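Structure at a glance
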Amino acid sequence: MTKSEVKKLDQLFQERVSYLKPISLLGGKTEVIHHFIHRSTLSCRWWISNGVALTNNQHNEVHKNPLVKHAVMDKLGASYLIELLKRANLIVKNLKYCDVENYLNGDEDIPLSI
């Protein structure tokens with residue numbers, strides 16, 4: 001995937017998750033989508049469930065204040081976090097731009113080659 005395609009998918013991810021989650025997990029209008037599992041983990045980078053809707057202030061606090069990060073974890077719940085961690089442990093090969101784009105536009109799950 002080219003850098004340009006990655007940038008487009010990152011933007012589409014932000015737009016799609018903001019549309020699906022207009023209210024921040026901690027209250028307020030969604031302004032930014034936080035990747036719970038770092039976006040360097042390709043199996044989760046564009047996975048909608050990995051997008052946590054937050055306000056800008058909440059997003060800054062998640063990165064600065066461990067108590068806010070724990071509040072997000074509590075809101076997500078243990079079973080949700082377990083599914084995220086399972087997904088994060090998948091090794092992704094040959095992820096195609098068109099597959100991710102189709103997923104973010106409403107198709108089923110991102111096909112992963114493991």
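Preceding this section is the structure that the text describes.
Quick summary incoming for the structure in this document.

About the thresholds
- Residues numbered from 1 in each chain as written.
- Predicted model: local features only at pLDDT ≥ 70, side-chain atom pairs only at ≥ 80, totals over all residues.
- Heavy atoms only, no water.
- Helix = DSSP H or I, 4+ residues; strand = E, 2+ residues; numbered from the N terminus.
- Buried < 20%, exposed > 50% of the residue type's maximum accessible area, 1.4 Å probe, protein only.
- Contact = heavy atoms within 4.5 Å.
- Areas by Shrake-Rupley, 256 points an atom, 1.4 Å probe, with all protein chains shown as cover.
- Lys, Arg positive; Asp, Glu negative; His and termini not counted.
- Charge placed at Lys NZ, Arg CZ, Asp CG, Glu CD.
- Polar contact = N/O pair within 3.5 Å; in protein donor to acceptor, adjacent residues only side chain to side chain.
- Arc of directions from axis to C-beta.
- Pairing = 2+ DSSP bridges.

Of regular secondary structure, the protein possesses six helices and two strands. Ordered by position in the sequence, the α and β elements of the protein form the string α-β-α-β-α-α-α-α. Projecting the C-alpha coordinates of the protein onto the three principal axes gives extents of approximately 35 × 25 × 25 Å. The burial tally for the protein puts 37% of its 114 residues in the buried class. Counting contacts in the protein only where the partners sit at least 6 residues apart, residues at least 24 apart contribute 63% of the total. Of the accessible surface of the protein, which amounts to about 7000 Å², a share of 53% is contributed by carbon and sulfur atoms. The positive charge centre, built from 15 side chains, and the negative charge centre, built from 12, are 5 Å apart in the protein.

Moving on: the side chain of Gln58. The topology assignment puts Gln58 in helix H3 (residues 56-64). Among all residues touching Gln58, those that are not within four sequence positions of it are Ser24, Leu26, Gly27 and Val68.

Here the focus is the side chain of Asn50. Mapped onto the fold, Asn50 is located in the loop between helix H2 (42-45) and strand S2 (51-54). What makes Asn50 buried here is its relative accessible area of 0%. Looking at Asn50, its side chain comes within polar contact range of the main-chain oxygen of Cys44, at 3.2 Å.

The next thing to look at is H3. Buried residues of H3: Gln58, His59 and Val62, and no others. Taken end-on, H3 shows its buried residues confined to a sector of 100°, consistent with a single buried face. The exposed set on the far side of H3, more than 90 degrees from its buried face, consists of Asn57 and Lys64. In this structure, the buried residues of H3 make contact with strand S1 (32-35), S2 and helix H4 (66-76).

A few words now on H4. Burial in H4 covers these residues: Val68, Val72 and Leu76. Along the axis of H4, the buried positions cluster into a sector of 85°, meaning they face one direction only. Facing away from the buried side of H4 by more than 90 degrees, the exposed set consists of Pro66, Leu67 and Asp74. Where H4 is buried, its residues contact S2, H3 and helix H5 (78-88).

Residues Gly51 and Ala53 of S2 are buried on one face, and the alternating residues Val52 and Leu54, pointing to the opposite face, are buried as well. Relative to S2, S1 is paired through four bridges, and the arrangement is antiparallel. Considered in S2, the bridge of His34 is made with Val52.

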